[in-house]
Amino acid sequence: MMAVKRGSRLMLIIALLFAVMQPLTPQASADSVHHWKHYTNGVNYLKQGKTKLAIKELELAVAQSEQAGYLRKLAEAYQLDNQFQKAADTYYREAKIHKKLGEKSGDLNTYYAVLALADGLNTEIEFFLEQNKAAPPATSGKLAKFEPPSGMYIGAYIDKDSGVEKLRDGKFKAFNEKTGKQHAVYFNYHKYGSPFPYHWAEQVKKAGGAIQLALQPDKGLSEVKDDAYLRKFAKDAEEAGVPIFLRFASEMNGSWVKWNGNPSLYIEKFRLVSKVMKEAAPNVAMVWSPAANPKQKITAYYPGDDYVDWVGLSIYSVKYFNGNVKTPADQVNPLDSLDFVYKTYAGRKPIMVSEYGATHFSKAGNTSTVNFAITKMNMLYHGAKLKYPRLKSINWFSLNTLTDSHSADRSLNNFSLTESAPLLAAYSRLIKDPYYLSKVVDTNQQAKGYEKSVTKFVNQGTISNTATGIVWVKTYDPYISKVVAKVDGIEVMSKQQYPYAFTIDPKKLKTGSHKLEIIVFDSKSRVASRKLVDFKTAG
C-alpha cells in the first residue's frame, strides 16, 4: 500500500513539473499566423477567384480578431460562394460592431447600411394560421382615432393617374371599378396657406372614401401660426364631414423638404397644428409621417404621443437606386424598410404606409420591371397581414413620374397601376381579401374590422379546426420561383406567388403528431431553404 502511495506522489510531482515547464517549451500553436496575414491572404485569394481558399483564411482571421473589415470580406466571400445565409449572418455580426461604434459617435449610417446588406440575404420562413374566429387585438390599449380593431385600409393617390385623371368628378368611382374594390382612403398633396380643398374632399366623400391630406409648408415652418388661416382651415375640415388623416409636414427627416433640419421647431409647429385640429376639427386624425430613410434622425422629430394619432411612413420599391442601372435594388424587402418605425412606435400608435409605389417601368435601362413591382407589392401587403398587425393602412402612389414629376431627379419610375395591365390585375387579386378594408370606421360607433384571426403558429401546437395555413417566406433571391408545402410527405401546396396558402382540415388527418415541410425554390429552381414544422391534431 505504501509503495502505491509513493508511486502516486511521484507521478503527481512529475505531472506538476511537466505542467510548469509546458509554457517554457516552444510548440506549434493551432494557428501561429497573425490575423492580419490571414486577412491579406484571404483578400489575395479573392482577387485570384479562389473563393473557398479565401473563406478559410478569412475565417481564421475573424476567429483571432472579430473586426468589421474582416467580417465584411468574409461576408462577401460567402456570398460569392453562394453561402447566402452565412453571408447574412456575417453581415449581422459586422452591423453589431458598427452599432456600438455609432452609438458612441452619434453616427449610425454605416450600421443601417450594413444591416440592409444582411436583411437582403437573410432567409425567413414562418407559418401562420388563419381561422374563423375573432381576431386578437393588435394593441392592448385603446384604439386610436379611426383605427380598425383588425384589418388594413386600402388607399391610393390617383389625381394624376392617366387611367382616370380626365374624369374630374368620377375618377374615384372609376378607380374603384378598375381595381374591383372600394378604397377606404384617397390622398392628395396640399400647400399650406391654400384654402381647404372642399371640392376635392366632396368628390372623395361621394365615392365613399376618407381623406389623407399631405399638408406641406413649402415656405418653411415659420409660416405656420395659430392664425385666421389655420383656424379657417380647421373649420372647413370639420365641415367636410368626412374622416381626415392630416399628414402635416411629412418626410421631415429628408433633406429634400424645406421643413428639414430643425427638429425643435418642427415639433413646436406640429404640436400647434395638432392642438388647433383637436379644438376645432374632431374628424381630423394627426399623422406624423417620416420617410423610411434616413433612419438616424427620425426619432428626433417625434412630437410626442399626445399630439400624434397615427404614425405614417413613406416607402418606395424602386428597381434601381437613384436611377442607376449599376445599383439594382432587387434585394430590398419593403418590410425591412418598415421595421424601424414599426418596432419603435407600433406599441403606442397605429401605423400607416402613407405612400407606397413599386416600379413597373424604369427610366434606367428603359426597361419593363413588372415582375419586380408585383413581387414587392405582394411582399408588403401580404407581409403586413401576417407579420405587422398594427399596420392599419397602405396607400398606393399611382403615378407615372416619367411623364409627371416636379423635378428631373424624381422622373425615374412608373408607379401607375392603370398603366400596367398585369400589375393592375395582381393588385386587384390581392385586395379581394377581406382583410383589406374598404371603409374607415367611425370611432363613435362599435368598430368592426377583419373577422378572422391570423396568428403565427407555435411549433408543436395543436390544430383543432379547419384553418388556412399561410407561409411567409423571404430569401436571398427576391424572385422565388415556387414554394412547396408537404404534410407527412404529401404535397398540399405548390405556388409561384404570394399568398402561399393552403387548407388544413384536421378531420382528414389521423389524430396525433404530423410534420409540415416547407421548401423554397429560388429563381433558378434551386432549393433555397426548407423548414420543418411539427403540429398535432386533436381527436
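Not measured: the values here are computed from a predicted model.

## Quick notes on unusual backbone geometry
The residue after Asn 293, namely Pro 294, is reached through a cis peptide bond having omega 0 degrees. As for its placement among the helices and strands, Pro 294 is situated in the loop between strand E6 (284–288) and strand E7 (310–317). Tyr 498 connects to Pro 499 through a cis peptide bond whose omega is -5 degrees. One non-glycine residue, Glu 251, lies in the positive phi region at around 55 degrees. Within the fold, Glu 251 resides in the loop between strand E5 (244–248) and helix H10 (263–280). On the accessibility criterion, Glu 251 (13% relative accessible area) is buried. At Asn 366, a residue that is not glycine, the phi angle is positive and equals roughly 45 degrees. Among the structural elements, Asn 366 can be located in the loop between strand E9 (361–362) and strand E10 (367–368).

## A few points about the nonpolar core
Nonpolar side chains tend to gather and get buried jointly when the protein is soluble and globular. Counting 145 residues, the largest nonpolar core has Phe 127, Phe 248, Tyr 266, Met 277, Trp 288, Tyr 381 and Val 471 as its most contacted members. The leading source of residues in this core is helix H12 (residues 370–387), at nine residues. Sequence-distant contacts of Val 471, that is, excluding residues within four places in its chain, are made with Ile 125, Glu 126, Phe 127, Leu 386, Val 483, Met 493, Tyr 500, Phe 502 and Ile 518. Ranked by size, the runner-up nonpolar core spans 13 residues in total, among them Phe 146, Ala 210, Phe 245 and Met 352.

## Regarding the sheet that holds strand E19 (residues 500–504)
The four strands lie next to each other as E14-E1-E16-E19, forming an open sheet whose pairing is antiparallel. Single-partner strands in this sheet number two, and they are strand E14 (453–456) and E19. Along the sheet, successive strands turn relative to each other by an average axial angle of 25 degrees, direction set aside. Sheet analysis places strand E1 (residues 124–131) next to E14, joined by four bridges and oriented antiparallel. Across the sheet, residue Gln 131 finds its bridge partner in E14, namely Ser 453. Its contacts with the sheet put H12 on E1, E14 and strand E16 (467–474), and the angle it makes with E16 is roughly 125 degrees.

## Focus on helix H8 (residues 198–206)
Listed as buried for H8 are Trp 200, Ala 201, Gln 203 and Val 204. Down the axis of H8, the buried side of the element spans an arc of 160 degrees, and every buried residue falls inside it. Seen from the buried face of H8, the exposed residues on the opposite side, beyond 90 degrees, are Tyr 198 and Lys 206. Gly 208 sits one or two positions beyond H8 and adopts a positive phi of about 85 degrees.

## Observations regarding helix H13 (residues 421–431)
All buried positions along H13 are accounted for by Leu 423, Leu 424, Ala 426, Tyr 427, Ser 428, Leu 430 and Ile 431. The elements touched by buried residues of H13 are strand E2 (152–157), helix H7 (171–179), H12, strand E11 (391–397) and strand E13 (436–437).

## A short note on the sheet that holds strand E21 (residues 527–537)
Spatially, five strands are ordered E15-E21-E20-E17-E18 in an open sheet, and the strand pairing comes out mixed. Bordering the open sheet on either side are strand E15 (461–463) and strand E18 (490–495), each of which pairs with just one other strand. Across the sheet, the mean angle separating the axes of adjacent strands is 30 degrees when strand polarity is ignored. Relative to E21, strand E20 (residues 512–521) runs antiparallel, the two being bridged by 10 bridges. Its bridge partner being in E21, Phe 521 is matched across the sheet by Val 527.

## Regarding the packing of aromatic side chains
Within the structure shown, the criterion is met by 40 aromatic pairs. Arranged with centres 5.7 Å apart and planes meeting at 80 degrees, the rings of Phe 187 and Tyr 189 form a pair that is edge-to-face. Within the aromatic cluster, the residues linked to one another by ring pairs are Tyr 192, Phe 196, Tyr 229, Phe 233, Phe 248, Tyr 266, Phe 270 and Tyr 301. Sitting over the face of the ring of Phe 521, Lys 482 holds its NZ or CZ atom 4.8 Å from the ring centroid.

The rules behind each value
- Residues numbered from 1 in each chain as written.
- Predicted model: local features only at pLDDT ≥ 70, side-chain atom pairs only at ≥ 80, totals over all residues.
- Heavy atoms only, no water.
- Helix = DSSP H or I, 4+ residues; strand = E, 2+ residues; numbered from the N terminus.
- Buried < 20%, exposed > 50% of the residue type's maximum accessible area, 1.4 Å probe, protein only.
- Core = buried A, V, L, I, M, F, W, Y, C linked by side-chain atoms within 4.5 Å.
- Contact = heavy atoms within 4.5 Å.
- Pairing = 2+ DSSP bridges.
- Axes fitted to C-alpha atoms, helices over the stretch in contact; angles between N-to-C directions.
- Arc of directions from axis to C-beta.
- Phe/Tyr/Trp six-rings, centres within 6.5 Å; stacked < 30°, edge-to-face > 60°.
- Lys NZ or Arg CZ within 6 Å of the ring centre and 35° of its normal.

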